[in-house]
Amino acid sequence: MESAEPGEASPPSPARTRPLPPSPGPLPPAAPAPRTAAGPLWALGLSFVATRVLVVLMCLGVWRISDLDVTTDVSVIYHGWYEVLRTGTFPLDDVTWQYPPGAALVILAPGLLPWSYLTSFMVLAGAFDALAMLLLVRAGVRGRRRYAGAWLWVVAVPLLGPTVYARYDIVVTAVAVAGLLAAARRPRLGGALLGLGGLLKVWPLLAVLGTPRGRRTRRTWTAAAAAAAGLGFLLAAAMNGAFRFLAFQRDRGVEVESLGALPVHWARLAGRWQGEVALNYGSVEFLGPWVHTIGRISLGATALGFGWLLLWRLRARERRAATPYDAALAALLVFTVTSRVVSPQYLVWLIGLAAVCLTARGTTQRPVAVLILLASGLTVLEFPVMFGPVVTSSPSGVALLTARNLLLLAATVLSCARLWRSTARRPRPEADTGEWEAGSEVHTRAGDPFEAETVAYTVRPGIVYEKHLLDGLERPDGPEEQGGAGPGAPARSGAARSGGVPSWARDDRSAPR
């Protein structure tokens, strides 16, 4: 081969003379990243601030809706517990201490702030209220701007009046909301938070009942049990009488606001009940005939309710992204309605879990959330506005309490029925499982040639690709393959002639039939 003279260009090599593939043309402009609309967030934020200012004004007595001062539970009872707990022991001789050992952490926390105990407690309650709000807004942003849950929290919580900042239940609810939302993506963190909530006030542990079966459930339940047992052991080792509250719970009567108290109210209104109403174990309860029987029936109803929940879990066939949230709300409603005690602050629990349900697509609990919202509005009338007529079983008080409790009962029945129906169907391949089934979730890209297969077969991508190849082997040839290419038609590659199967993957048996 002759070398080129100096100054002359060398002849092009054969590799450089190959024609370049045709340009696919200009790429389409990238879609702009989705932006979160600022308008709804501003509306939520301003509404939250305005409603919470009203709650604080009610707590401070600037705006009085009742002659009852509900903050005495904080300034007198909670503060008294604080003085005992700081000595290293639980209130052993105080039957009003009805809480798990983790509650001591909440009662002691205001002592870390520089203000009076009442002011510090209200600041703590407001901080956890804002935390729950932020978590619900964040979940709404992730859920394609579903802010119904955040709006329910903004509107329903202040409907309970000053009670919401004068009890520590809003702290427990915020922890439960955080745990339930976290369990979808990080089951160990979510389980640990729910275990912590269970050590504060038992009921957050109910939120684990709806977790999907399998590894995610094992992680969530193990973390919840470890957190509750570990912290409980530390508190029991550090302080005396950590579990004394169990004996106090056993001897409780029937609170005048509970669902089980309605027959006594009606009989008392008719003059056929000869008992008494007294402050017993920290709440106003009925003492006398029928009370023991009603208490036993309530405990039996609780057992039956949780038996139904266990049956639902075993028989559930289809699960969606909202199913764990819906199940948590249904379980909490069963626990609340069948309890011997239904205090006004219990509605904060229901509001929190209903708000979590509304952040998820496909939730079945929207009508239930409406009933809870209505019940919250009646609850502030029942306590503290008309608590006197309720205690004395006057016609107006009994009518109000009956309406509130029947709303809660209807919400419970409706929640359980909708949960059962939503999971009784056989699972469809395209069923929306959301974040809770991340291990089996199938993702596709726009323009993916296998998109149809990934939707139709929820299996591993490798199997989807093999299925695509097998379909290509059995696909009949088109008219071009049968009749040959026309004059001037571009030559087709072996992969194109074989229905998308490359030549190296074919043998004699894969030839077109």
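Now for a quick tour of the structure. Just so it is clear, the structure is predicted and the values come from calculations on it, not from any experiment.

In this section: the overall build of the protein chain. The helix and strand inventory of the protein chain stands at 20 helices and three strands. Buried residues in the protein chain amount to 45% of all 513 residues. A sequence separation of at least 24 residues applies to 74% of the contacts in the protein chain between residues at least 6 apart. For the protein chain, the exposed surface amounts to about 26,400 Å²; the carbon and sulfur share of it is 63%.

Running from amino to carboxyl end, helix α10 (residues 262-269) crosses helix α16 (residues 395-424) at an angle of 160 degrees, the nearest separation of the two axes being 11 Å. Judged by the angle between their axes, α10 and α16 are roughly antiparallel. Note that α10 runs across α16; the crossing there is left-handed. Residues L262, H265, W266 and L269 of α10 form the contact with α16, whose own contacting residues are P395, V398, L401, T402 and N405. Class assignment for the residues of the contact of α10 with α16 results in six nonpolar, three polar and no charged.

This next bit is on the layout of surface pockets. Over the atoms, a rolled probe matching the size of one water molecule traces out where space is still vacant. Approximately 1,100 Å³ is the volume attributed to the second largest pocket. Looking at the second largest pocket, it is lined by 43 residues, and the ones nearest its centre are R252, S283, V341, S343 and Y346. Contributions of two or more residues to the lining of the second largest pocket are made by α2 (72-85), α9 (245-250), β3 (283-287), α11 (291-315) and α13 (346-358). Residue contributions to the lining of the second largest pocket peak at five residues, all from α2. Grouping the constituent residues of the lining of the second largest pocket by class yields 23 nonpolar, eleven polar and nine charged.

Another point: the pattern of salt bridges. One pass over the structure, following the stated rule, counts six salt bridges. We note a salt bridge from R52 to D129, for which the minimum N-O separation is 2.7 Å. One end of the pair, R52, is in helix α1 (residues 38-60); the other, D129, is in helix α4 (residues 117-142), with 77 residues separating them in the sequence. Accessibility expressed as a relative area gives 6% for R52, which makes it buried.

Before going further, it helps to spend a moment on α4. Side chains that are three or four residues apart share a direction in an α-helix, a result of its 3.6 residues per turn. With 26 residues, α4 should reach 38 Å at 1.5 Å per residue; the first-to-last C-alpha distance of 38 Å fits that figure. Among the residues trailing α4, R144 stands out with phi positive, at a value near 60 degrees.

Right, let's get into the packing of aromatic side chains. The full count for this structure, using the stated rule, is 15 aromatic pairs. Pairing F335 with W349 gives two aromatic rings, centres 6.4 Å apart and planes at 35 degrees, and the pair type is tilted. Separated by 14 residues along the polypeptide, F335 in helix α12 (residues 323-337) and W349 in helix α13 bring together distant segments of the chain. Among the residues examined, F335 registers a relative accessible area of 24% and is labelled partly exposed.

Moving on, we come to empty space enclosed by the protein. Summed over the entire model, instances satisfying the criterion amount to three cavities of 30 Å³ or more. In this structure, the largest cavity occupies an estimated 50 Å³ of space. Around the largest cavity, the lining residues are R320, A322, T323, D326, G362, T364, L419, S422 and T423. Of all the secondary-structure elements, those providing two or more residues to the lining of the largest cavity are α12 and α16. The element best represented in the lining of the largest cavity is α16, accounting for three residues.

Now for unusual backbone geometry. A cis amide bond, omega 15 degrees, links F383 with the succeeding residue P384. The backbone phi angle of S393 is positive, close to 60 degrees, even though this residue is not glycine. By the element assignment, S393 lies in the loop between α15 (387-391) and α16. By relative accessible area, S393 is classed as buried at 4%.

In this structure, W97, W153, I170 and L329 are the most contacted members of the largest nonpolar core, which totals 105 residues. Looking at which element gives the most residues to this core, the answer is α13, with twelve residues. Aside from chain neighbours lying at most four places away, what touches I170 is A125, F128, D129, W153, V157, V164, Y165 and V348. Among the nonpolar cores identified, the runner-up in size contains seven residues, and W312, A327, V334 and L419 belong to it.

Structurally, R313 can be placed in helix α11. It is 9.3 Å that separates the C-alpha atoms of R313 and T211, two residues lying 102 residues apart in sequence. If we skip the residues at most four places from it in the chain, R313 touches V208, L209, G210, T211, P212, R213, T217, W221 and R319.

On to the pairing of strand β2 (residues 276-280), then. Alignment of β2 against β3, held across five bridges, turns out to be antiparallel. Residue pairing across strands places V277 opposite F286, the latter belonging to β3. Remark: two residues form the turn of the hairpin made by β2 and β3, two consecutive strands paired antiparallel; Y281 in that turn has positive phi of roughly 55 degrees.

An order of β1-β3-β2 is seen for the three strands of this open sheet, with the pairing classed as antiparallel. With one partner strand each, in any of the chains shown, β1 (254-255) and β2 form the two edges of the open sheet.

What follows covers the packing of α11 against α12. The contact between α11 and α12 brings their axes to 9 Å, and the two run at 165 degrees. On the basis of their axis angle, the class for α11 and α12 is roughly antiparallel. As α11 packs across α12, the resulting crossing turns out to be right-handed. Across the interface between the two elements, G305, F306, L309 and W312 of α11 pack against T323, A327, A331, V334 and F335 of α12. Residue classes in the contact of α11 with α12 are distributed as seven nonpolar, two polar and no charged.

Position of T423 among the secondary structure elements: in helix α16. The exposure class of T423 is buried, given its relative accessible area of 1%. Beyond its immediate chain neighbours, meaning those up to four positions away, T423 contacts W312, R315, A316, R317, E318 and T323.

Rules and cut-offs
- Residues take numbers from 1 onward in each chain, read along the sequence in its written order.
- This being a predicted model, a pLDDT of at least 70 is required before a residue's local features are given, and a value of 80 or more before pairs of side-chain atoms are given or counted; all residues contribute to the totals for chains, interfaces and linings.
- Hydrogens and water are ignored here; the side-chain numbers use all heavy atoms of the structure.
- The helix and strand labels rest on DSSP assignments: H or I over at least four residues marks a helix, E over at least two residues marks a strand, and numbering proceeds from the N terminus.
- Remark: exposure states derive from per-residue accessible area (1.4 Å probe, protein chains only) relative to the maximum for the residue type, with buried under 20%, exposed over 50%, and partly exposed in between.
- In what follows, a contact means two residues having at least one pair of non-hydrogen atoms within 4.5 Å.
- Where accessible areas are quoted, they stem from the Shrake-Rupley method and a 1.4 Å probe; at the residue level, only the protein chains shown are allowed to cover.
- Where helices are involved, their axes are fitted lines through C-alpha atoms of the stretch in contact, as for all axes, and angles between N-to-C directions lie from 0 to 180°.
- These descriptions rest on fixed angle ranges, namely under 35 degrees for roughly parallel, over 145 for roughly antiparallel, 65 to 115 for roughly perpendicular, and the rest for oblique.
- In this scheme, a crossing is called left-handed if the near helix is turned counterclockwise away from the far one by less than a right angle; it is called right-handed if the turn is clockwise.
- Under the convention adopted here, Pro, Cys and the residues Ala, Val, Leu, Ile, Met, Phe, Trp and Tyr are nonpolar, Asp, Glu, Lys and Arg are charged, and Gly plus all remaining residues are polar.
- Here a cavity denotes a set of grid points, spaced 1 Å apart and computed over the protein atoms alone, in which a 1.4 Å probe fits but from which it cannot get out, and a pocket denotes an open set meeting protein on both sides within 12 Å along at least five of seven lines; residues with an atom within 4 Å of a point are reported as lining.
- Grid points are joined across faces, edges and corners, and a volume is the space filled by probe spheres set on the points.
- Think of a salt bridge as a Lys or Arg side-chain nitrogen and an Asp or Glu carboxyl oxygen that are within 4 Å of each other.
- For a helix, the expected span equals 1.5 Å multiplied by the number of residues minus one.
- Stacked, tilted and edge-to-face are the three classes assigned to paired rings of Phe, Tyr and Trp, where Trp is represented by its six-membered ring and a pair needs centres within 6.5 Å; plane angles under 30 degrees give stacked, over 60 edge-to-face, the rest tilted.
- For our purposes a nonpolar core is just a set of buried Ala, Val, Leu, Ile, Met, Phe, Trp, Tyr and Cys residues, chained together by side-chain atoms within 4.5 Å.
- At least two bridges found by DSSP between two strands is the condition for calling them paired.

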